[in-house]
Amino acid sequence: MSMIFELESPFRSSYQLHRLSFGEGGPIVAIVAGLHGNELNGIHALNLLASVLQMQQLNGTVMLFPLVNSFGADECAKLWPFDDFDINKAFPGDPNGTPSQRIAYALLEGTKEADICIDVHSGASHIREFPQVRAPFSGRELELARAMNLPVIWRREEEHIGISGLLGAWRSRGQKALHVIGGRGITLDSKLSTKMAGGLTSLLSYLGIMIAMNNTQTLVDVSCKDVDIYRALCGGFFVPEVRVGTRVQPGRLLGYLQSPIGGERIYDIRA
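Note that the structure is a prediction, hence the values are computed from the model and not measured.

Each value, and the rule that gives it
Residues numbered from 1 in each chain as written. Predicted model: local features only at pLDDT ≥ 70, side-chain atom pairs only at ≥ 80, totals over all residues. Heavy atoms only, no water. Helix = DSSP H or I, 4+ residues; strand = E, 2+ residues; numbered from the N terminus. Buried < 20%, exposed > 50% of the residue type's maximum accessible area, 1.4 Å probe, protein only. Pairing = 2+ DSSP bridges. Axes fitted to C-alpha atoms, helices over the stretch in contact; angles between N-to-C directions.

Draft legend 1. Spotlight on unusual backbone geometry. Between Gly26 and Pro27 the backbone carries a cis peptide bond, its omega angle lying at 0°. Mapped onto the fold, Pro27 is located in the loop between strand S2 (15–23) and strand S3 (28–33). Residue Pro92 follows Phe91 across a cis peptide bond; omega there is 10°. Tracing the sequence through the fold places Pro92 in the loop between helix H2 (70–74) and helix H3 (99–110). The backbone of Cys76 shows a phi angle near 50°, a positive value even though the residue is not glycine. Note that Cys76 resides in the loop between H2 and H3. Given the relative accessible area of 28%, Cys76 is considered partly exposed.

Draft legend 2. Fine view of the sheet that holds strand S11 (residues 253–258). Read from one edge to the other, the open sheet built from three strands follows the order S10-S11-S12, with strand pairing classed as antiparallel. The open sheet terminates on both sides in strands that have one partner only, identified here as strand S10 (237–240) and strand S12 (265–270). Direction aside, neighbouring strands of the sheet carry axes that sit 25° apart on average. Pairing of S11 with S12 involves five bridges; the strand directions are antiparallel. Note on S12: the bridge partner recorded for Leu257 is Tyr267.

In structure tokens form, the structure reads like this:
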């Protein structure tokens, strides 16, 4: 483990950005988690991956950044706590700028040698995302995304997969970049974290860097054109009848709306 950047803090210890490096030579893969301090699943997934990498003889280099926004994680908060700024919106950063900009710049510099870069996140605190990788409609990045064998591959138009933030900064300098997401913010889901770690090992195996140690399997491969937002016809308290990731047939009861006062069932929501 090496510390690649340090920043004085107004209280407690200083901020430190750490990188875990495994193997040597190419190809080089950089994987980042914890840009948002409340997204715990990515942090856990990278630490699970680190425990596997320690046991293997690698044919390439893997760089892990398990927790970027460590001060935000202290408070289980998404943003950098001293100015409530989203570090992911600070890229490409500035070595003489605000703390968030300086962290962003250091992270971008720390991943500049990577051929393939992966940004790992959780969903919002109110949304449980099934483990997925988001990629363009075609090209090398889609090939790499499919090699991860995560339950969901979501092919999205360019404007939806990172023309800004860390993904955009990587792509602007010619690096291949993927967005992995699973679970929801604030909550640690060990099962989903394990699936995400398994998807990362599948990719590393596909690249010839290591031997895969998982049995992940893609369930759906969709484009953003196949996904719709379904809105109920009335307001109420939503009670789910299926878990995220359950396969359903047309007509299956997904959940129902009930009155928040008295509990009267007022509307069924079906596939």
